[in-house]
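Topology and contacts: notes
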Amino acid sequence: MTTRTPGALSPVIPILANLLLGGLWTFSVFAGWGLEAFCGNGESPESCVDRLGMVSLLSGLFALAGAVATVAALVPPLFRKYPQKSLMLVGIATASWLIALAVLYVGGLIGR
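Predicted model only: the values in this text are computed from it and were never measured. (Residues numbered from 1 in each chain as written. Predicted model: local features only at pLDDT ≥ 70, side-chain atom pairs only at ≥ 80, totals over all residues. Heavy atoms only, no water.)

Counting its regular elements, the protein contains 5 helices and 0 strands. What you see in the protein, going N to C, is helices and strands ordered as α-α-α-α-α. Expressed as a percentage of the 112 residues in the protein, the buried residues total 29%. Within the protein, residue pairs in contact and separated by at least 24 positions form 71% of the contacts whose partners lie at least 6 positions apart. (Helix = DSSP H or I, 4+ residues; strand = E, 2+ residues; numbered from the N terminus. Buried < 20%, exposed > 50% of the residue type's maximum accessible area, 1.4 Å probe, protein only. Contact = heavy atoms within 4.5 Å.)

This brings us to the packing of aromatic side chains. Throughout the structure, instances matching the rule amount to 4 aromatic pairs. Arranged with centres 6.4 Å apart and planes meeting at 55°, the rings of Trp-25 and Trp-97 form a pair that is tilted. Note that Trp-25 is positioned in helix H1 (residues 12–30) and Trp-97 in helix H5 (residues 83–110), a separation of 72 residues in sequence. Comparing Trp-25 with Trp-97 shows no difference in burial state: the two are buried. One aromatic cluster in this structure is built from Trp-25, Phe-30 and Trp-97. (Phe/Tyr/Trp six-rings, centres within 6.5 Å; stacked < 30°, edge-to-face > 60°.)

Turning to a nonpolar patch on the surface, a few remarks are in order. A contiguous nonpolar patch, built from Leu-58, Leu-61, Phe-62 and Ile-99 and spanning about 350 Å² of accessible area, is present on the exposed surface. Tallying contributions element by element places helix H3 (residues 45–74) first for the nonpolar patch, with 3 residues. Its location among the elements puts Ile-99 in helix H5. (Patch = residues over 30% accessible without salt bridge, like charges linked within 9 Å, V, L, I, M, F, W, Y side chains within 5 Å. Areas by Shrake-Rupley, 256 points an atom, 1.4 Å probe, with all protein chains shown as cover. Salt bridge = Lys/Arg side-chain N within 4 Å of Asp/Glu carboxyl O.)

Geometric values such as these leave the question of function open.
Structural data, given as structure tokens:
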């Protein structure tokens with residue numbers, strides 16, 4: 001049995017947040033949400049797809065880092081043996097997902 005300090009944050013909450021951020025990025029890139037949001041008025045569809053493809057590739061580097069850090073933080077032996085390192089990985093994953101979404105958003109707005 002483990003004891004928790006008062007006010008300690010459950011690791012489930014940031015892990016769920018990372019999964020939601022990953023889902024948002026995935027839908028924005030692969031389900032067409034990005035095309036709907038950032039392509040439109042007067043821009044040719046081909047140039048928009050090319051621009052968002054480049055932005056998605058750059059954003060994907062951060063998303064890959066976020067996905068790897070999320071999966072690494074969820075590995076049960078690491079989580080049980082080194083809880084502080086696991087929470088650090090969760091923080092890195094959260095930052096990576098937020099950067100990936102920011103790059104996608106800013107890149108989509110710049111060309112608009």
